[in-house]
Every structure is written in C-alpha cells, then in structure tokens.
Amino acid sequence: MESKGASSCRLLFCLLISATVLRPGLGWYTVNSAYGDTIIMPCRLDVPQNLMFGKWKYEKPDGSPVFIAFRSSTKKSVQYDDVPEYKDRLSLSENYTLSISNARISDEKRFVCMLVTEDNVFEAPTVVKVFKQPSKPEIVSKALFLETEQLKKLGDCISEDSYPDGNITWYRNGKVLHPLEGAVVIIFKKEMDPVTQLYTMTSTLEYKTTKADIQMPFTCSVTYYGPSGQKTVHSEQAVFDIYYPTEQVTIQVLPPKTAIKEGDNVTLKCLGNGNPPPEEFLFYLPGQPEGIRSSNTYTLTDVRRNATGDYKCSLIDKKSMIASTAITVHYLDLSLNPSGEVTRQIGDALPVSCTISASRNATVVWMKDNIRLRSSPSFSSLHYQDAGNYVCETALQEVEGLKKRESLTLIVEGKPQIKMTKKTDPSGLSKTIICHVEGFPKPAIQWTITGSGSVINQTEESPYINGRYYSKIIISPEENVTLTCTAENQLERTVNSLNVSAISIPEHDEADEISDENREKVNDQAKLIVGIVVGLLLAALVAGVVYWLYMKKSKTASKHVNKDLGNMEENKKLEENNHKTEA
C-alpha cells in the first residue's frame, strides 16, 4: 500500500506534467468583447465523470502559465488565484465557464480551460480579442480662412481611445480626398496611451483651394474594427471662408433713385467682388484725371448741374480695373417778369413773361387767385378785373420734388369815373337817383342836394366788384332839384351833377348802368344774331347763283319767260332777306 503522502505527491506531479505537456484537445477558439464589457469564455470541454477539479490559466508572451481560477468538483468550492490585474473581476460557473468583467486591452491573451481527472488533463484554449470604438472624429485647429491657389493647412481630424487603431479619411463635399502633389497633402499619425493602451489617431490636411470650394463642406471619418466587424464614423461638416482676389469692380449711386436734382446729396459706392472685399478705392470725378482715395463710398453734397458727367472708381493697386456710371443732375429755372407787386393804371399795356430753363421738358401752369388759367395772361389794355395774384408754376414730372413758382401781384389803379341815372317809381311818388362809380382804390361817394324835397333813403350801396359799385338815393322833390355825386380816392376827386324835375313834372328816365355780367350776356346775344344774319345772307347768295346758272342754260322762249318770273321771284327773296338783315 502506498502512503497518503506519496499518493498526493504523485498527483501533483501528474498535474504539472499535464499543464506543460499533455494538451490533447481542441483547436483555436476566439471570443470578441467590447472594451468595458464582460468577457464570457465557455470551457468547451465535456465534463468527465471522474473529474476532480477544473482550472483556468492564461499564457504569458513567453509561454509560461499563470493560473487564475480553481473549482473542485466535489466540494463545489471556487478559488481565485492572487493575480492583481484580475482581482474581483473573475467568476467561474459550475460548468466551468469563466467570466471576466470590465474588459481591458490587457485581457487580450490566450486563456486555457483545464479539466483534471486522476489519470488525465483535458485542455481547451480560447483567444480573447478586445475592441474599443473610437470617439467621433472632430476637425480641430481649423484655418480661419483659405486663400485660393495657396497650399495651406485646413485642419486636423482627431479620433481618440480606439483599439485597435483605426484609419482616417478626408472628404470634400462627400467625395474622398486622395493625396495630390502640390494640392492635397495628408499626414497621418497615431499614438498609444501606455496606461490604457488605447490609440489616438490624427490626420492633418493641407489643401490648395479654389473659388469652387466656396461653401463646400469638408468632413473626415474614422474606420475601425469592432466585435461585429468594420465600421465607420463621420465628423460634423466644416465650411471655410475662402479668400480670393477681386476680379471686377462695380459702382453704385446711393440712394437709388430714378432722377437726381440740384441740391441732392449723392453717394458713390464702389464694390469689388473679391473676398474679403477691398476697403479703399480711387474715385474719379468728371474732368479730374487724378483719383481721390477714399473708403468704398464717396459723397457729393448739394450737387449742381455742372456735376453732370461720368464718375469712375478703381482699385488702388490695380487702376486698370475700373467701373463707371453716368450721373445727370436735373435742374429747373423760372424767371417771371414782372414779379412781386406791380401797380399799373387802367388801360395800360402790361406784357408778362414766364421763362423756363430746364434739363427736360417742363410743364407750366398759370394760376390767378388759386384758380387755374387756361392760358398765360396778356394785358394789352388793363381792366380792373385784371387785378389779382398771379402765379407761374413749373415742374419736371419725372423728377420728384423739382418744382418752381413765382408770383405777380397786379394792382390796377384808376381815377374815379362817374355816371348818374334816374328813374321814376311806377307809383309816381318817388324817384331813384343812382351814382355809378368806377375807380381804384375804392372811391368814397358823397351826395349833395340843391333845392327842396324829402329824401326817403339817404344812401344804399352795392358791393365793390372789379373796381365798380354804385350808391343810390330815393327822393320825392316838390320842385326841381340838382343832385351832386362826388367820388374821391387817392388819385383824384371827381364830381358829377344831375337835374331832377319835381315829382309832379314827368320826365324821361335814364337807363341804368349795365353790369359786367349783363354786358357779357348782351355781347353773346349780339354775336349770335350777327351769326344768324350772315348765315342767311350766304344761303341766299348761293341760291341766287345756282338759279342764275340754271336759267342761263335755258334755250326756249318759255324758259326766258320763266327766267323773268324767276328773276322776279329772286328779287322778292332778296328783298325778304334784306328785310331780315335790317331786322
């Protein structure tokens, strides 16, 4: 019989031999795990009936084993070896499945499951692969601007904490950028953190931009391997300000209006199509060969008509790049002769002229006392009704606010003129004496009576219109009397008298003065009558000529008789027409 100690020694020796020599079993098996997750490794061995215990180990790079977990098949107890990096991270199940929590990059090893019987050791190796998804790539150290036709660093694309390391790709407007000599330079580098063993990838892009890159988005991506295969993560878009030189200049007139008039302020604005736009320009005024250096605006204040012409602007460092615009300053002059307050005597001639000088055809309007006239006034012989306030107004319809006006205040003066009339009342009990006065300034009327008689109404005056008015009195004289009307203004004193018979003596009445309005009506009626008479005379003359021609062609004696009768008829018609004409 062997001793108990000898038996234990022989068993330990067998275990050591099986750990180093006896490795019958299975092929490679790989477990993929994400960084930070729990690694689960099944034993992949059938548990024998005479199993004594199971153990897990991993192999160092030099091949030496490190035991980490033990489980007895009889006592159902689990023991974990004192390995610092796996402290409190291991879990061994009853079926000998090993779990490692919080997977790390250092867990990438070859683990071996060992099932031990009294006479044999069975092994099943498992290779652990740990993957760490990198952070979303970000474009940093971005250029403030890019200049056309210049190779310049656009930025860095960085992706951190990756395992294994990934690859970075640059895109322009969604299309992959490939290195191109003198136009696209890509510099890639990776760094590993010695503690976490995670990689940081950095790709620097140098790019030669053109105007076609304006508003074009640039992106980058990182491609990495994970537990389920290859994946790609893209960065946010980045748009860069593209600087390019000015290729064309333009000039504007501010404020934009259809027409410029004298007195306006005009601002010239010069623009270049480069980026950034030019800040200074040379402005050229009409007739001035040398340019005026200014910002992108130049202001002309209170412009006059001589400011009309071509205005130009150019770049300071490239005078051949020039733009021009034409400016027309509209003007309007009005001269009224005479103007202001003018005093003339009645009957005088007064020529009036309103002379217009303008950059375009102007409209002219005449007003008298705020009433529009049909034509310009002309005075060959002034009347009192010609007095008033005249305004000549002109404007350019196409130019807003361009209007001119001048006024003439015409005063028509005249010495007092008197005409007296009398009329007996139909009842025969009174007589009305009227003193018609014409003159300006308004004459004052005074009555005097020589003789006896009662005055029923001392005075009654009409309104003063167009230099005329009247004053009348009603009397009932018992005997012949003389009435005197005196009219006086600043120019002269005029006196007129009228003899009036006693109320008992009948006398011939004198017609009243015809008013201006009635005079116009009478004139219109006279013109109508004259027109009718002239028309009748012309009609009779035409009829006579036609009839004479007809009779002249008659050849028979009866026609001669008829001709005589016709002549008698014609004479009769002519006599009737003569009567009508006389009427």
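Quantities reported herein were computed from a predicted structural model and do not represent experimental measurements.

Q: What should I look at first to understand the sheet that holds strand β12 (residues 151-162) in this one?
A: Whenever strands of a sheet pair, they do so through backbone hydrogen bonds, lying parallel or antiparallel. With antiparallel pairing, the four strands of this open sheet are ordered in space as β10-β12-β16-β15. With partners counted over all chains shown, the strands left at the sheet margins are β10 (138-140) and β15 (184-192), one partner each. The mean angle between the axes of side-by-side strands here comes to 25 degrees, regardless of whether they run parallel or antiparallel. Where β15 and strand β16 (residues 199-208) come together, nine bridges link them in antiparallel fashion. Its bridge partner being in β16, Ile187 is matched across the sheet by Thr204.

Q: How should the pattern of salt bridges be read in this particular structure?
A: Two side chains with opposite charge may pair up if their charged atoms get near one another. What the rule picks out here adds up to 21 salt bridges. With its nearest N and O atoms 2.6 Å apart, the salt bridge here joins Arg110 to Glu59. Placement of Arg110 in strand β8 (residues 110-116) and of Glu59 in strand β3 (residues 53-59) is noted, with a sequence separation of 51 residues between them. Here Lys109 ties to Glu85 by a salt bridge, and the two come within 3.4 Å at their closest N and O atoms. Of the two residues, Lys109 sits in the loop between β7 (98-100) and β8 while Glu85 sits in the loop between β5 (78-80) and β6 (90-92), which places them 24 residues apart along the sequence. The exposure class assigned to Lys109 is buried, which follows from its relative accessible area of 16%.

Q: Looking at this model, I keep getting lost on the packing of aromatic side chains. Mind explaining?
A: By convention here, two paired aromatic rings are described through the distance between centres and the angle between planes. In the structure shown here, the tally under the stated rule is 11 aromatic pairs. Ring centres of Tyr58 and Tyr86 lie 5.9 Å apart, and the angle between their planes is 55 degrees; this geometry places the pair in the tilted category. Here Tyr86 lies in the loop between β5 and β6 and Tyr58 lies in strand β3, a separation of 28 residues in the sequence. Take Tyr58 and Tyr86: they sit in the same class, and that class is buried. Ring plane angle 25 degrees and centroid distance 5.8 Å describe the contact between Phe283 and Tyr298, whose orientation is recorded as stacked. Placement of the pair is Phe283 in strand β24 (residues 281-284) and Tyr298 in strand β26 (residues 297-300), with a sequence separation of 15 residues. Take Phe283: its relative accessible area is 0%, and that puts it in the buried class. Three or more aromatic residues joined by ring pairs make a cluster, and in this case those are Tyr58, Tyr86 and Phe111. Over the face of the ring belonging to Tyr58 we find Lys109, whose NZ or CZ atom lies 5.0 Å from the ring centre.

Q: Hey, could you run me through the state of the cysteines in this one?
A: A disulfide bridge is the covalent bond that connects two cysteines by way of their sulfur atoms. A complete count under the given rule lists five disulfides for this structure. Two residues share a disulfide in this structure: Cys435 and Cys485, whose sulfurs sit 1.9 Å from each other. Note on the Cys435 and Cys485 pair: the S-S dihedral is about -80 degrees, so by sign convention the disulfide is left-handed. Linking Cys435 in strand β37 (residues 431-440) with Cys485 in strand β41 (residues 481-488), this pair joins segments that are 50 residues apart in sequence. For Cys435, a relative accessible area of 0% puts it in the buried group. The disulfide pattern of the protein chain is 1-2, 3-4, 5-6, 7-8, 9-10 when the bonded cysteines are numbered in sequence order.

Q: I tried to follow the sheet that holds strand β2 (residues 39-41) on my own but got confused; where do I start?
A: The three strands lie next to each other as β2-β7-β6, forming an open sheet whose pairing is antiparallel. Edge positions in the sheet fall to β2 and β6, since each has one partner strand and no second. Averaged over all neighbouring strand pairs, the angle between strand axes comes to 15 degrees, with direction disregarded. Note: β6 against β7, three bridges, orientation antiparallel. Bridge pairing in β7 places Ser91 opposite Ser99.

Q: I would appreciate a short explanation of unusual backbone geometry in the present structure.
A: With the exception of glycine, most residues fall at negative phi, and the peptide bonds are largely trans. With an omega of -10 degrees, the peptide bond running from Tyr163 to Pro164 counts as cis. Of note, Pro164 is situated in the loop between β12 and β13 (167-172). Cis geometry marks the peptide bond from Asn337 to Pro338; its omega dihedral reads -5 degrees. Here Pro338 is to be found in the loop between β30 (332-337) and β31 (340-345). A positive phi angle, near 70 degrees, is found at Tyr96, a position not held by glycine. Counting through the fold element by element, Tyr96 comes out in the loop between β6 and β7. If you check the backbone angles, Asn466 has positive phi at about 50 degrees while not being a glycine. When you line up the elements, Asn466 lands in the loop between β39 (454-461) and β40 (468-476). When its relative accessible area of 34% is taken as the criterion, Asn466 is described as partly exposed.

Thresholds applied
Residues numbered from 1 in each chain as written. Predicted model: local features only at pLDDT ≥ 70, side-chain atom pairs only at ≥ 80, totals over all residues. Heavy atoms only, no water. Pairing = 2+ DSSP bridges. Helix = DSSP H or I, 4+ residues; strand = E, 2+ residues; numbered from the N terminus. Axes fitted to C-alpha atoms, helices over the stretch in contact; angles between N-to-C directions. Salt bridge = Lys/Arg side-chain N within 4 Å of Asp/Glu carboxyl O. Buried < 20%, exposed > 50% of the residue type's maximum accessible area, 1.4 Å probe, protein only. Phe/Tyr/Trp six-rings, centres within 6.5 Å; stacked < 30°, edge-to-face > 60°. Lys NZ or Arg CZ within 6 Å of the ring centre and 35° of its normal. Disulfide = S-S within 2.5 Å.

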